[in-house]
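Here's the letter readout for the chains.
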Amino acid sequence: MSRIGKQPVELPAGVSASVSGQTVEVKGPKGTQSFKATDDVTITVNDNVLTVEPRGKSKRARQQWGMSRTVVANMVHGVSSSFKKELEIHGVGYRAQLQGNVLRLNLGLSHDVDFQIPDGVSVTCPKQTEIVIEGHDAQLVGQVAANIRDWRRPEPYKGKGIRYKGEFIFRKEGKKK
């Protein structure tokens, strides 16, 4: 029995959800999202509470039950208050600056990296060494943060690179003489 799937998803004030067939559409102040669930689950909305129930006792139905509930809960959270990822840049001369819809990164490469920001995500740089990514789609925010981080991952000897805020980098000792 899914412990996650059993929990109902409460809709906060200002958020509405509608179910048509297997498609759930959630509208809120930050935007609109939709999700098409598989035929293994049933989704219902009653009195600002969204519930997900499995159709049958098969293994796939139980798997889809918890996953569908989590996706719907993330959609409700995203349209009411957006998701946020914060990145830190460590290294001498490493910096980021925002130029319109392009994030320009100086990462010690022979050229500057111009990262095109996709629609549905907003990127800000409060400092030259900090990047804040916000949006109502959890998957898109995480993917954009991972794509930016891939340009210069933190290395274990000096700790230089782009890391998530609060991420611990296991440091290695250098070569002994």
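Our structure is the block above this text.
Because the structure is predicted, anything quoted here is derived from the model rather than measured. (Residues numbered from 1 in each chain as written. Predicted model: local features only at pLDDT ≥ 70, side-chain atom pairs only at ≥ 80, totals over all residues. Heavy atoms only, no water.)

(A) Representation of the overall build of the protein. Within the protein one finds three helices and 13 strands. Taking 2.2 N^0.38 as the reference for a compact globule, 177 residues should give roughly 16 Å; the C-alpha atoms of the protein span a radius of gyration of 21 Å, well beyond that estimate. Dimensions of the protein, computed from the C-alpha atoms along their principal axes, are close to 65 × 40 × 25 Å. Looking at the 177 residues of the protein, the share that counts as buried comes to 34%. In the protein, the proportion of contacts linking residues at least 24 apart, taken out of those at least 6 apart, comes to 49%. Summing over all exposed atoms, the protein offers an accessible surface of approximately 10700 Å²; the carbon and sulfur share of this is 48%. Across the protein, the mean location of the 28 positive side-chain charges is 8 Å away from that of the 18 negative side-chain charges. (Helix = DSSP H or I, 4+ residues; strand = E, 2+ residues; numbered from the N terminus. Rg over C-alpha atoms; globule rule 2.2 N^0.38 Å. Buried < 20%, exposed > 50% of the residue type's maximum accessible area, 1.4 Å probe, protein only. Contact = heavy atoms within 4.5 Å. Areas by Shrake-Rupley, 256 points an atom, 1.4 Å probe, with all protein chains shown as cover. Lys, Arg positive; Asp, Glu negative; His and termini not counted. Charge placed at Lys NZ, Arg CZ, Asp CG, Glu CD.)

(B) Geometry of the packing of aromatic side chains. Evaluation of the coordinates by the stated rule reveals zero aromatic pairs. The ring of tyrosine 164 carries the charged tip of lysine 85 above its face, separated from the ring centre by 5.4 Å. (Phe/Tyr/Trp six-rings, centres within 6.5 Å; stacked < 30°, edge-to-face > 60°. Lys NZ or Arg CZ within 6 Å of the ring centre and 35° of its normal.)

(C) Expanded view of helix α3 (residues 138-149). End to end, α3 covers 17 Å across twelve residues, agreeing with the expected 16 Å (1.5 Å per residue, within 8%). As for α3, its buried residues are in contact with β7 (83-90), β9 (102-106), β10 (113-116), β11 (121-124), β12 (130-135) and β13 (161-164). (Expected span 1.5 Å × (residues − 1).)

(D) Layout of the sheet that holds strand β5 (residues 41-46). Pairing within the open sheet is antiparallel, and its three strands lie in the order β1-β6-β5. Because the sheet does not close on itself, it has two edges, and the strands there are β1 (9-10) and β5. Across six bridges, β5 lies against strand β6 (residues 49-54) in antiparallel orientation. Its bridge partner lying in β6, threonine 42 is registered against glutamate 53. (Pairing = 2+ DSSP bridges.)

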